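Working through the structure, step by step
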Amino acid sequence: MEHNSFKLPFAHLLCLLLLCPLVSCQLNYKFYDYTCPNLTKIVRYGVWSAITNDSRMAASLLRLHFHDCFVNIGGPFWFLPLGRRDGLTTSESDANEQLPGFSEPLENITAKFTSKGLDLKDVAVLSGAHTIGFAQCFTFKSRLFDFGSSGKPDPLLDTSLLTSLQSTCPNQDDSDTKLAPLDSASSSKFDNLYYKLLLNNSGLLQSDQALMGDNTTASLVLNYSKFPYLFFKDFGASMVKMANIGVLTGQNGEIRKNCRLVN
């Protein structure tokens, strides 16, 4: 299959994600120039090392950015000023309630996005982050064997992909944590093939393929499948827009010593 892709080292993409987004006059491109002038080099090296050891880390860091902005607050390239602070609380219940689920209908996902100031276009373009990374079998196994309690596979799922996934994720409990690529065509490359797969009914998650069930998002899928640079441009814009959610600067929040825990 021939395709267009814009190759950018994940280290460059993800260090931008880690270094915090455009949100207010209190954020600054030179925020750390005096206190930590080598910050970008340190982050770039750390991210590059992590991805060298495990390529899945690229997708994990993208997801971390999404979770942090949505709850508490690769191709594309955008400039990000610095200075965002961490929250003082963490809430598993908030995450479960506010983050979109892998089998939710598009209407529910869109409602969660709009509650944060995002829109249907953001749903379509940010779903494109699934061009990299993997999902555990339990997140899509119902599509393979018992879709909608029918006792049959999801009729929309491409038959060749179905066969492959049934082999990877057999219908037994001990396969739940096995992994399958979200983008079976290029799981380690940030490109627009995710959208081409949706056109072929080869989206892995139910929430992915749901984009083809709405006229607006289906049109966006078609455009992004044809024009990779349009996807990259819109993805960057939506990431910055998402980063406007719940910003803490100045004396609000804290700078965590351990990202997983409140100080």
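Every chain's residues receive numbers from 1 upward, in the order its sequence appears when written. Confidence filtering applies because this is a predicted model: local features only for residues at pLDDT of at least 70, side-chain atom pairs given and counted only at 80 or more, and all residues used for totals across whole chains, interfaces and linings. For the side-chain quantities, the full set of heavy atoms in the structure was used; hydrogens and water were omitted.

**What to know about the overall build of the chain**
The numbering of helices and of strands both runs from the N terminus, where a helix is a DSSP run of H or I of at least 4 residues and a strand a run of E of at least 2. A count of helical and extended segments in the chain gives 12 helices and 2 strands. Moving toward the C terminus, one meets the helices and strands of the chain in the order α-α-α-α-α-α-β-α-α-β-α-α-α-α. Counting all 263 residues of the chain, 43% fall into the buried class. Methods summary: accessible areas were calculated by the Shrake-Rupley approach with a probe of 1.4 Å, and residue burial reflects only the protein chains presented. Surface summary for the chain: the accessible area is close to 13,900 Å², and the carbon and sulfur share equals 53%. Summary of the burial criterion: residues with accessible area below 20% of their type's maximum are buried, those above 50% are exposed, and those between are partly exposed, where the area comes from a 1.4 Å probe applied to protein chains only.

**Concerning the state of the cysteines**
Cysteine sulfur atoms that come within 2.5 Å of each other are treated as a disulfide pair. This structure, assessed with the given rule, holds 1 disulfide. Between the sulfur of Cys 137 and that of Cys 169 lies a disulfide, 1.9 Å long from S to S. Across the disulfide from Cys 137 to Cys 169, rotation about the S-S bond amounts to roughly -65 degrees, and the bridge is consequently left-handed. A residue pair is termed long-range when its members are at least 10 positions apart, and Cys 137 in the loop between strand 1 (134-136) and helix 7 (142-145) and Cys 169 in the loop between helix 8 (159-168) and strand 2 (179-181) qualify at 32 residues. A relative accessible area of 0% means that Cys 169 is categorised as buried.

**Examining the UniProt feature "binding site: Ca(2+)" (unreviewed entry) in the chain**
Feature annotation in UniProt assigns "binding site: Ca(2+)" (unreviewed entry) to the following positions: Thr 131, Asp 183 and Asp 191. Over a stretch of 61 residues, the named residues converge on one spot in the fold, their C-alpha atoms separated by at most 9.8 Å. Checked against the element boundaries, Thr 131 lands in the loop between helix 6 (120-126) and strand 1. We call two residues contacting when some pair of their heavy atoms lies within 4.5 Å. Sequence-distant contacts of Thr 131, that is, excluding residues within four places in its chain, are made with Asp 183, Ser 186, Ser 187, Lys 189, Phe 190, Asp 191 and Tyr 194. Here Asp 183 shows up in the loop between strand 2 and helix 9 (193-199). Residue Asp 183 is classed as buried on the basis of its relative accessible area, which comes to 0%. Setting aside residues no more than four positions away along its own chain, Asp 183 makes contact with His 130, Thr 131, Asp 191, Leu 193, Tyr 194 and Leu 197. UniProt positions are given in the numbering used here, feature names are shortened, and annotations may be inferred rather than shown by experiment.

**A closer look at the packing of aromatic side chains**
Pairing of aromatic rings covers Phe, Tyr and the six-membered ring of Trp, with a centre-to-centre limit of 6.5 Å; geometry is then stacked below 30 degrees between planes, edge-to-face above 60, and tilted otherwise. Enumeration over the complete set of coordinates arrives at 11 aromatic pairs. Consider the rings of Phe 102 and Phe 138, whose centres lie 5.8 Å apart with planes at 85 degrees: the pair is edge-to-face. Residue Phe 102 is located in the loop between helix 4 (92-98) and helix 5 (106-114), and its partner Phe 138 is located in the loop between strand 1 and helix 7; the two are separated by 36 residues in the primary sequence. Each member of the aromatic cluster is reached from another via a ring pair, and the members are Phe 190, Tyr 194, Tyr 195, Tyr 224, Tyr 229, Phe 231, Phe 232 and Phe 235.

**Points about the pattern of salt bridges**
Throughout this description, the term salt bridge denotes a Lys or Arg side-chain nitrogen within 4 Å of a carboxyl oxygen of Asp or Glu. On inspection of all chains with the given rule, the structure shows 8 salt bridges. Glu 104 is the partner of Lys 112 in a salt bridge, and the nearest nitrogen-oxygen pair spans 2.8 Å. Per residue, the accessibility class of Lys 112 equals that of Glu 104, and both read buried. Lys 233 is the partner of Asp 234 in a salt bridge, and the nearest nitrogen-oxygen pair spans 3.0 Å.

**Here we look at helix 11 (residues 215-226)**
Each helix should span, by expectation, one fewer than its residue count multiplied by 1.5 Å. Taking 1.5 Å as the rise per residue, helix 11 with 12 residues should run 16 Å; its terminal C-alpha atoms sit 17 Å apart, in good agreement. The complete set of buried residues in helix 11 reads Thr 217, Ala 218, Leu 220, Val 221, Tyr 224 and Ser 225. Buried residues of helix 11 fall within an arc of 160 degrees about the axis and therefore sit on the same side. Next to the buried residues of helix 11 lie helix 5, helix 6, helix 9 and helix 12 (228-242). One side-chain oxygen of the residue at the start of helix 11 lies 2.9 Å from the amide nitrogen of Thr 216, identifying that residue as Asp 214. Think of it as the arc spanned by the lines of direction from the helix axis to the C-beta atoms. Side-chain atoms alone can form a polar contact between residues adjacent in sequence; in general such a contact is a pair of N or O atoms within 3.5 Å, and within protein one must be able to donate a hydrogen while the other accepts it.

**Regarding helix 8**
Among all positions of helix 8, only Leu 161, Leu 162 and Leu 165 are buried. Seen from one end, helix 8 has its buried residues packed into an arc of 100 degrees, which puts them on one side. Projecting away from the buried face of helix 8 at angles above 90 degrees are the exposed residues Thr 159, Ser 160, Thr 163 and Ser 167. In the core, the buried residues of helix 8 are packed alongside helix 7 and strand 2.

**Details of the side chain of Ser 238**
With respect to the element layout, Ser 238 can be found in helix 12. Ser 238 has contacts with Asp 122, Val 125 and Leu 126, leaving out every residue within four places of it along the chain.

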